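The lines below spell out each chain.
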Amino acid sequence: MVSEACADRYLPETVQQPVKILVVGALGVGKTTLVGSVSEIRPLRTEETMTEAGAGVDRLAGLPDKNTTTVAMDFGRVTLNDRVVLYLFGAPGQRRFWNMWEGLAEGAVGVLVLVDTRRLEDSFEVLDQLELRADTPFAVAVNHFPDTHPHGEEELRRALDLLPTTPVVDCDARDRTSSLDALIALVEHATEDLAAREAAS
Amino acid sequence: MSSPGEYHDSPLRPYVITRGRSRPTRNTLRVDTLLLADPDRPLPASAGRQERALHRMCVRLLSLAEAAVHLELPVSVVTILASDLVDSGHLQARSGIPAAARPDRELLLEVLHGLRSLR
Ligand SMILES: Nc1nc2c(ncn2[C@@H]2O[C@H](COP(=O)(O)OP(=O)(O)OP(=O)(O)O)[C@@H](O)[C@H]2O)c(=O)[nH]1
Ligand SMILES: [Mg+2]
């Protein structure tokens, strides 16, 4: 099973601690592209069947199909040092997939929300849901497509009704450095958010 | 039904693979949990084909999600299989952050430094 060609699929055995970041956003906004730009492995894709109502395990019990959908999730991997590995999961942001990505967001460093300014309204639902969760830090990364109308940051914040503390960064998901910068902004925010929580408690 | 070598994920199959259970025995395994087989503990003769494949896949360190993709099995199924093998001591699990918790400051700074060093 472990051929030479597969040898690089494995992690160094010194790695002890996995962490994860979730990348969510509307259809075609650049989730897979961002994961691929940063990942050290070719992005991998899993497909799970889930019911509209609940978790993906329902069908394991052999239940006759409720409303089942197949949801594709892409992920990539970045070994950060000899102890820590980061997994990036890209998941669709629509309401019917919330059960899946809310599970993924548990214990995550945070969530990066990719936004296409041509379709801001596609991001409203996912942002509302993240603000409700409150316990998961998130940042907004704005992708620029060729026919994008330029939005000022303030205009965008107002349109998306963001909290003043939520970071907004520009991002070209095709560019590794730009994608890394968006992730860095998220982790900086997560660090500050944690400090603020600890100070408040 | 399916042609040889082709992967078909029928609704029934996972149920059969996991011997009728729909929940793993432990809930500490997550998609990013790292798995590693203990080379000194061969599986018992009673182990199923999928358990063997997972055990072989984890001859070196990788995450549950990666193992699932390489084995062409749903993550939910591999979670159940891995859970059994962890219980029986055949797989070692290095877990991610528990659901209710968040990474601590030290770990966040490690992530930050790691990402910055990649720029
Ligand atoms: N100009 C520009 N194009 C981008 C950017 N990110 C992605 N694209 C392009 O947009 C298209 C869709 O990108 P994907 O990464 O497949 O988007 P996705 O969110 O994974 O799409 P789904 O999984 O289908 O929802 C591709 O053709 C990308 O090359 C970006 O930041 N700028
Ligand atoms: Mg995609």
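Now for a quick tour of the structure. The structure presented is a predicted model; accordingly, all values stated were derived computationally and were not measured.

### Focus: the sheet that holds strand 1 (residues 34-37) of chain B
All names here are of chain B.
Step number 1: Here three strands make up an open sheet; going across it, the order is 2-1-3 and the pairing antiparallel. Sheet topology places strand 2 (62-63) and strand 3 (91-94) at the edges, where each strand pairs with a single neighbour.
Step number 2: Of the strand pairs in this sheet, strand 1 and strand 2 are connected by two bridges, and their pairing is antiparallel. Of the residues in strand 2, the one forming a bridge with Leu35 is Leu62.

### Side note on unusual backbone geometry
Step number 1: Within the chain, Asp161(A) stands out as a residue other than glycine whose phi angle is a positive 55 degrees.
Step number 2: As for its placement among the helices and strands, Asp161(A) is situated in the loop between helix 4 (153-160) and strand 7 (168-171).
Step number 3: Classification of Asp161(A) as exposed rests on a relative accessible area of 60%.
Step number 4: Although it is not a glycine, Glu72(B) sits at a positive phi angle of roughly 60 degrees.
Step number 5: Counting through the fold element by element, Glu72(B) comes out in the loop between helix 3 (64-71) and helix 4 (75-87).
Step number 6: For Glu72(B), a relative accessible area of 44% puts it in the partly exposed group.

Thresholds applied
- Residues numbered from 1 in each chain as written.
- Chains lettered and ligands numbered in written order.
- Predicted model: local features only at pLDDT ≥ 70, side-chain atom pairs only at ≥ 80, totals over all residues.
- Heavy atoms only, no water.
- Pairing = 2+ DSSP bridges.
- Helix = DSSP H or I, 4+ residues; strand = E, 2+ residues; numbered from the N terminus.
- Buried < 20%, exposed > 50% of the residue type's maximum accessible area, 1.4 Å probe, protein only.

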